[in-house]
Amino acid sequence: MKQRAVGTKAPYRVDILTIVLVAALVLFGLVTLLNVLSNPFDGTETTFAAFYDRLNFQFVTRQIGNILISLAVLVPLAIFDYEKYKPFTKVAYLICLVLLFLLIIAGKNTRGALGWYEVGSRAFQPSEITKVVLIMVLSKAAAEAYDRRGPISAFRDFLKLFLYFFVPFVLVILQNDFGTAMVMLIIFGGILFCVRVRWRYVFGGLVALGIGGILSWMFVLTEVQKERIRVFLDPSRNPEGSGMNVLHAKQIIGSGGFWGKGYFTKGTLTQTGYVPIRHSDFIFSGIGEGVGFFGAMLLIIVFFLLLFHWLHTALTARDTFGRCLVVGCTVMLAAHIFENVAMNLGAMPVTGIPLPFISYGGSNILASFACVGIAMSVYARATGRRTL
């Protein structure tokens, strides 16, 4: 077996599986967007012109633009060694904090959350980018502590990580974006697990989370957010108000049956606007109606394959920093997938979390593609041996 000469660089390993799976998800998302936003089909579309006339390309065209912009971020993240991220993490983190703070003053209030800046005809949501930057800054700090002293046991190391997480977490809570705050919490927990934090900090964190939840209910959560939790526990308490979206989404998914009604066909409830925000928060209901239980399960399997592949990449990463980066990206996407699907099924409160690579949204697709680039960079330089 030939050995590589000393001083030469290993060839770049292209992560083909990630490229194939993400490309499939993105293409499926574009077709789904076109389907759910089309004018209702009635079965009289016997010519191509009549069929084409029903289609609505507005959001699909804009999503393609979002994808192209996101590719401009993905490619350099994937090509450059992820070690080169380190000098920029703190600066990016501070910029995100400033943007989040200014949102409290000048943000656009959308569906009860102060999460968007308006940029021309588009809206920019800095909390989506903050999640990726949080992964980077937590991974850097956690890896440095782990490589110096092993599993996180010193309180000063845990406190440093906690403060990195807590500041943007609070700023997002103050914007009434409870769903994004929970994703940040999951990212924090995933990276702590990756560096084997001592159990006393885990138990202490759970106690603090419980106390914080009670205090948040009493002093932080708005009536809108409280009502979402009440409706989650009993959607029928307000079927014509905040519980209507979940009830309609469940009806749409149920109407798809096992095989689904198909895309671009008559008799679909999604195209009539039976559920709002069908191109983003409730896009999974359109998927369930169109491709049924069978197709929805295939989609979840594709997501699972991607996440499982990234976990394997984390296990074979060459260092702690790379392992933490990929674990952070994996748990972020997993949280989005679980929350969006469960929200549509009425198993979780409605929090406005989009479905990665599928839902419309420039900020979300940018954050998702950034995670893809990070995972590909770590994969390209993985040792091939388990390091955890």
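Keep in mind the model is a prediction, meaning the values are calculated, not measured.

**Student:** Describe in detail unusual backbone geometry, supporting the description with residues and values.
**Tutor:** Note on backbone geometry: most residues besides glycine have negative phi, and most peptide bonds are trans. Backbone geometry at Arg196 places phi at a positive 55°, although glycine is not the residue there. Assignment of secondary structure puts Arg196 in the loop between α7 (178-194) and α8 (199-220). Backbone geometry places Ile277, a non-glycine residue, at a positive phi of 50°. Following the sequence through the fold, Ile277 ends up in the loop between α10 (244-255) and α11 (283-315).

**Student:** Explain empty space enclosed by the protein to me, and be specific about the residues and the numbers.
**Tutor:** Evaluated as defined, the whole model comprises 1 cavity of 30 Å³ or more. Of the voids in this model, the largest cavity is the one considered here, and its volume is about 40 Å³. As for the largest cavity, its lining consists of Lys90, Val137, Lys140, Ala141, Glu144, Lys160 and Tyr164. Put simply, the parts of the chain that give the lining of the largest cavity at least two residues each are α5 (126-149) and α6 (155-174). In terms of residues, the lining of the largest cavity owes the most to one element, α5, which gives 4 residues. Residues that form the lining of the largest cavity fall into these classes: 3 nonpolar, no polar and 4 charged.

**Student:** Please give an account of the environment of Leu100 that cites residues and values.
**Tutor:** Secondary-structure assignment places Leu100 in helix α4 (residues 86-106). With relative accessibility at 0%, the residue Leu100 sits in the buried group. Taking the C-alpha atoms as reference points, Leu100 and Phe169, 69 residues apart in sequence, are found 10.0 Å from one another. Contact partners of Leu100, with chain neighbours within four places excluded, come to Pro126, Ser127, Thr130, Pro168, Leu171, Val172 and Gln175.

**Student:** Hey, could you go over the side chain of Asp81 for me, with residue numbers and the actual values?
**Tutor:** Structurally, the position occupied by Asp81 is in the loop between α3 (58-79) and α4. A polar atom in the side chain of Asp81 sits 2.7 Å from the side chain of Arg318. When near neighbours in sequence (up to four residues on either side) are disregarded, Asp81 contacts Arg318, Ser377 and Arg381.

**Student:** So, the side chain of Thr268: which residues are in play, and what are the values?
**Tutor:** Its place among the elements puts Thr268 in the loop between α10 and α11. The class for Thr268 is buried, based on a relative accessible area of 8%. Within polar-contact distance, the side chain of Thr268 engages the side chain of Gln271 at 3.0 Å. When residues no more than four places from it in sequence are discounted, the contact partners of Thr268 are Lys261, Gly262 and Glu289.

**Student:** Can you tell me about the nonpolar core, naming the residues and giving the values?
**Tutor:** Generally speaking, soluble globular proteins have nonpolar side chains that are buried together. Membership of the largest hydrophobic core comes to 97 residues, with the highest contact counts inside it found for Trp310, Leu325, Met332, Leu355 and Phe357. In contact with Trp310, not counting residues within four places along its chain, are Thr18, Val326, Cys329, Thr330, Leu333, Cys371, Val372 and Ala375. Formed by 7 residues, the second largest nonpolar core is a distinct cluster that contains Ile252, Val275, Phe282 and Val350.

**Student:** Can you explain the confidence of the model for the chain? Please cite residues and give values.
**Tutor:** Mean pLDDT over the chain: 86, with 88% of residues reaching 70 or higher. When mean pLDDT is compared element by element in the chain, helix α1 (residues 16-36) scores highest at 96, while strand β1 (residues 108-110) scores lowest at 56. Counting interchain partners and residues more than four positions distant, the pLDDT-below-50 stretch residues 1-8 has 2 contacts.

Cut-offs applied
- Each chain has its residues counted from 1, following the order in which its sequence is written.
- Residues qualify for local features only when their pLDDT is at least 70, as the model is predicted, and side-chain atom pairs are given and counted only at 80 or more; totals for whole chains, interfaces and linings, by contrast, use all residues.
- Excluded from the side-chain calculation are hydrogens and water; included are all heavy atoms of the structure.
- A run of H or I in DSSP counts as a helix once it spans at least four residues, and a run of E counts as a strand once it spans at least two, with each numbered from the N terminus.
- The definitions used throughout rest on a 1 Å grid laid over the protein atoms alone, on which a cavity is an enclosed set of points accommodating a 1.4 Å probe that cannot get out and a pocket is an open set flanked by protein within 12 Å on both sides along at least five of seven lines; lining residues are those having an atom within 4 Å of a point.
- Grid points are joined across faces, edges and corners, and a volume is the space filled by probe spheres set on the points.
- The classification used treats Ala, Val, Leu, Ile, Met, Phe, Trp, Tyr, Cys and Pro as nonpolar, Asp, Glu, Lys and Arg as charged, and all other residues, Gly among them, as polar.
- Each residue is placed in one exposure class: buried if its accessible area under a 1.4 Å probe, protein chains only, is under 20% of its type's maximum, exposed if it is over 50%, and partly exposed if it falls in between.
- Here, two residues are considered to be in contact whenever any of their heavy atoms come within 4.5 Å of each other.
- Whenever a nitrogen or oxygen atom comes within 3.5 Å of another N or O atom, the pair is scored as a polar contact, on the condition that within protein one atom can donate a hydrogen and the other can accept it, and that pairs from neighbouring residues in sequence are kept only if both atoms are in side chains.
- Among buried residues, those of type Ala, Val, Leu, Ile, Met, Phe, Trp, Tyr and Cys that are joined through side-chain atoms within 4.5 Å constitute a nonpolar core.
- A score from 0 to 100, pLDDT tells how confident the predictor is in each residue.

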